Amino acid sequence: MSAVRLILALHNHQPVGNFDGVFEGAYRDSYLPFLDVLEGYPEIPFALHTSGPLLEWLAERKPEYIARVRALVETGRVEILGGGFYEPIMTMIPHRDRVGQIRAYSSYLNDLLGATIRGIWMPERVWEQHLVLALAEAGIEYTILDDFHFQRAGLSESELFGYYLTEDEGRLLKVFPGAERLRYTIPFQEPHATYEFLRHLADHHPGSTVVFADDGEKFGSWPDTHDHVYTRGWLRRFCDMIAGNRDWIEPTTLARAVDETLPLGKIYLPDSSYREMTEWALPASRLTAYQESIRQTANDPGTERLKPFLRAGGNWRNFKARYSESDEMYARMLELSRRLALAEANPAVDPDYLDVARQELYRGQCNCPYWHGAFGGLYLPHLRNAIYRSLIASHNALDDAEGKAGPRVSLDVADFNLDARQEVRLENDRLVAYVRPATGGHIYELDDRRVLTNLLATLDRRPEAYHGVIAAAAQSGTGHYDGPAIISDRLVMKQEGLDRLLVYDRHPRKGLVDHFYAKDVTLQELVECQDVEQGDFLVGAYHSRVQRTADRVALIMDRPGWAEGHRIQIRKTIELSADSSSLEVHYVLEELPLDTTLHFAVEMNFAAMAGRAGDRYFRDGAGGRLGMLDTRLDLARTDALELVDEWLDLSVQLQWSNPAGLWCFPIETVSQSEGGFEGVYQSSAVIPHWFVRGDESRRWEVRIRWTFDEAQANGKASLVPEVVRSRVTVTP
């Protein structure tokens, strides 16, 4: 039989902000044992990509692992693949950042591992043709995509065993198709399944090059895989299979394949990702319909013949359309990228702070929290918080680079969130607040610059395709589900009662959401998201104007609307002063009916703090504890509430000038991961509410103060690591 070249390419990744225990577990269960086995097979070279966040962790915590990989690089047994330093989706970030991230990581890999970088791992294989230009400019010769990309360009399966040239503006790039079939046989089927595939390839396509490219975590970190791959010896059997058939299977690397073989031709690839990602990018209802169609036609041979010509699925960029929270992070990231570019062109700025700002910007471009599929991603608060931590740190470093110091305050108006409407940014040396007058006058981002935290990094509850799986299992009463698989053929509920969390928000869970409720509304009705709204102020557009003085700025928003059938007017003013850790909000309700009492409420949602942890809790105005942050509160009369996070060393003190009833309850979502389905605390809804009746002037008002301070929990020092609290971090 004629030889087949087999390229094994592994992608090891942990995102910015993931828990240290997750890094440690993945190292113990996957990265280390894989290296232990492959070191024993010198005849099997492989390609290895390790994302920047993970490699930095390994360099600090596991230097012996780094030394072993470097030794394999020096002997030519491992080819190191580069990429964006902090694993960004390349189509999501500006061209200058693509080039900058790739060059920075190539340099880092050369210094750390002695590797000369020729090829890169394309994060999530998200591809658009214009990327050729950035990759070529960054000195990259080749990358790996999925065979799915090539099939959507019109190639048949028999044409996918080698590599192709592609081009943009005269710059060339070599592109390898990764074999989807191997992604499902390795390591999930016995090595003989891969043997049969390769033998068939050798018989019918002699001289072929075939690529397996997939996540290294599948070799030990995914559920049950450590026992399968190592304890029961799958990986050794697989390596023995390759070693025992070296007369016709030639394990090689991407670099050797490029140097020893010619391209199969030229190809221009459509915008795409791997098949599953294109499905996850669909709106939930369309994904459900798509999955049902696949299920109904699974055994239809005609459908199988048509499959290569069907363009099912969506574009990765539409995650930003599906999830406003992803779009908000994206817009903030772009704003900082543009600001950094301007600062770099200014010779008067401090270059050391620019280095910090650049690195933190790159960290804030890590892809995982910007999307959601078979993994938590966007749904995991600690990953979203890590993005904002880096972006706020970049903002702070740019201020330092530009010499901004001491008490100051500013107000700027622009289309900050890219919706073709004007938003307002209020900023001082302590806080940054972004407000959407055109959407309910909500505050949608509120940054405490001291602890590098966006207190409004919330997540709305919305339908997801996999929610049908949970509902169906609960309905059956057996915990079983007889429908299309979402992640795998098994259904794992990580906790009881997940179906009770399948409620969906009717409005954004942000700050200063204006409600008019029925007089007898209950906390339970709010928790269940029942339709209890009696006004039209939730997301209506407010007219706005601004005021500026040297030490104070104010955004004044007005809106006429309806409440319980009465035409009224709301004016709310947000004020920020220099050197202040407080945000002042002033509500004035006018044209109130004289003969009717209205039930008015202001909703504020606070995130970035754990819901069920003993050192995160509510406190009343007298300092008494009211429960952890996932507690439901129904207080008849109060004028203050405090949210405390001792780990962040943060206290959020809320005070309102008129005593109010108070409701608080947790916002929890249902997320999926490779391990199953679980509930995730996202934020705490805090809703003071008043029964309002106009005076002779048909007017009523209330002042609400948000103050952000140190937690001062029993006099303890801050528990926030210094690297988080500092504006300046070490540049690799």
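Residues numbered from 1 in each chain as written. Predicted model: local features only at pLDDT ≥ 70, side-chain atom pairs only at ≥ 80, totals over all residues. Heavy atoms only, no water.

A.B. asks: What is the right way to look at the side chain of arginine 408 in this model?
C.D. replies: Within the secondary structure, arginine 408 is located in the loop between α18 (381-401) and β10 (409-414). Take arginine 408: its relative accessible area is 18%, and that puts it in the buried class. One polar contact links arginine 408 to aspartate 399, side chain to side chain, over a distance of 3.0 Å. Beyond its immediate stretch of four places on either side in the chain, arginine 408 contacts Asp399, Glu427, Asn428, Asp429, Arg449, Ala578 and Asp579. (Helix = DSSP H or I, 4+ residues; strand = E, 2+ residues; numbered from the N terminus. Buried < 20%, exposed > 50% of the residue type's maximum accessible area, 1.4 Å probe, protein only. Polar contact = N/O pair within 3.5 Å; in protein donor to acceptor, adjacent residues only side chain to side chain. Contact = heavy atoms within 4.5 Å.)

A.B. asks: Can you walk me through the pairing of strand β16 (residues 543-548) in this structure?
C.D. replies: Two faces make up the sheet, and in a regular strand the side chains alternate between them. Sheet topology note: the β16/strand β17 (residues 552-563) ladder contains 6 bridges and is antiparallel. Considered in β17, the bridge of valine 546 is made with leucine 555. Between β16 and β17, which pair antiparallel in sequence order, lie 3 residues. (Pairing = 2+ DSSP bridges.)

A.B. asks: Is there a simple way to explain the pattern of salt bridges in this structure?
C.D. replies: Two side chains of opposite charge can pair, provided their charged atoms sit close to one another. Going through the model one piece at a time under the given rule, you end up with 60 salt bridges. The residue aspartate 514 makes a salt bridge to lysine 572 at a minimum N-O spacing of 2.9 Å. Of this pair, aspartate 514 sits in strand β15 (residues 511-517) while lysine 572 sits in strand β18 (residues 566-577), placing them 58 residues apart in sequence. Residues aspartate 514 and lysine 572 agree in their burial class; the two are buried. Glutamate 590 is paired through a salt bridge with arginine 571; the nearest N and O atoms lie 3.5 Å apart. Placement of the pair is glutamate 590 in strand β19 (residues 582-590) and arginine 571 in strand β18, with a sequence separation of 19 residues. You can call glutamate 590 partly exposed: its relative accessible area is 25%. Of the residues examined, arginine 571 reaches a relative accessible area of 22% and is grouped as partly exposed. (Salt bridge = Lys/Arg side-chain N within 4 Å of Asp/Glu carboxyl O.)

A.B. asks: I tried to follow helix α13 (residues 284-296) on my own but got confused; where do I start?
C.D. replies: Each full turn of the α-helix corresponds to 3.6 residues, which orients residues three or four apart in the same direction. The end-to-end C-alpha separation of α13 is 18 Å, in line with the 18 Å expected for 13 residues at 1.5 Å each. The set of residues buried in α13 consists of Ala284, Leu287, Tyr290 and Gln291. One face of α13 carries all of its buried residues, which in axial projection span an arc of 120°. Residues Ser285, Arg286 and Gln296 are exposed on α13 and point more than 90 degrees away from its buried face. Buried residues belonging to α13 abut α12 (275-280) and α15 (319-322). (Expected span 1.5 Å × (residues − 1). Arc of directions from axis to C-beta.)

By themselves, these are just geometric observations and shouldn't be taken as functional.
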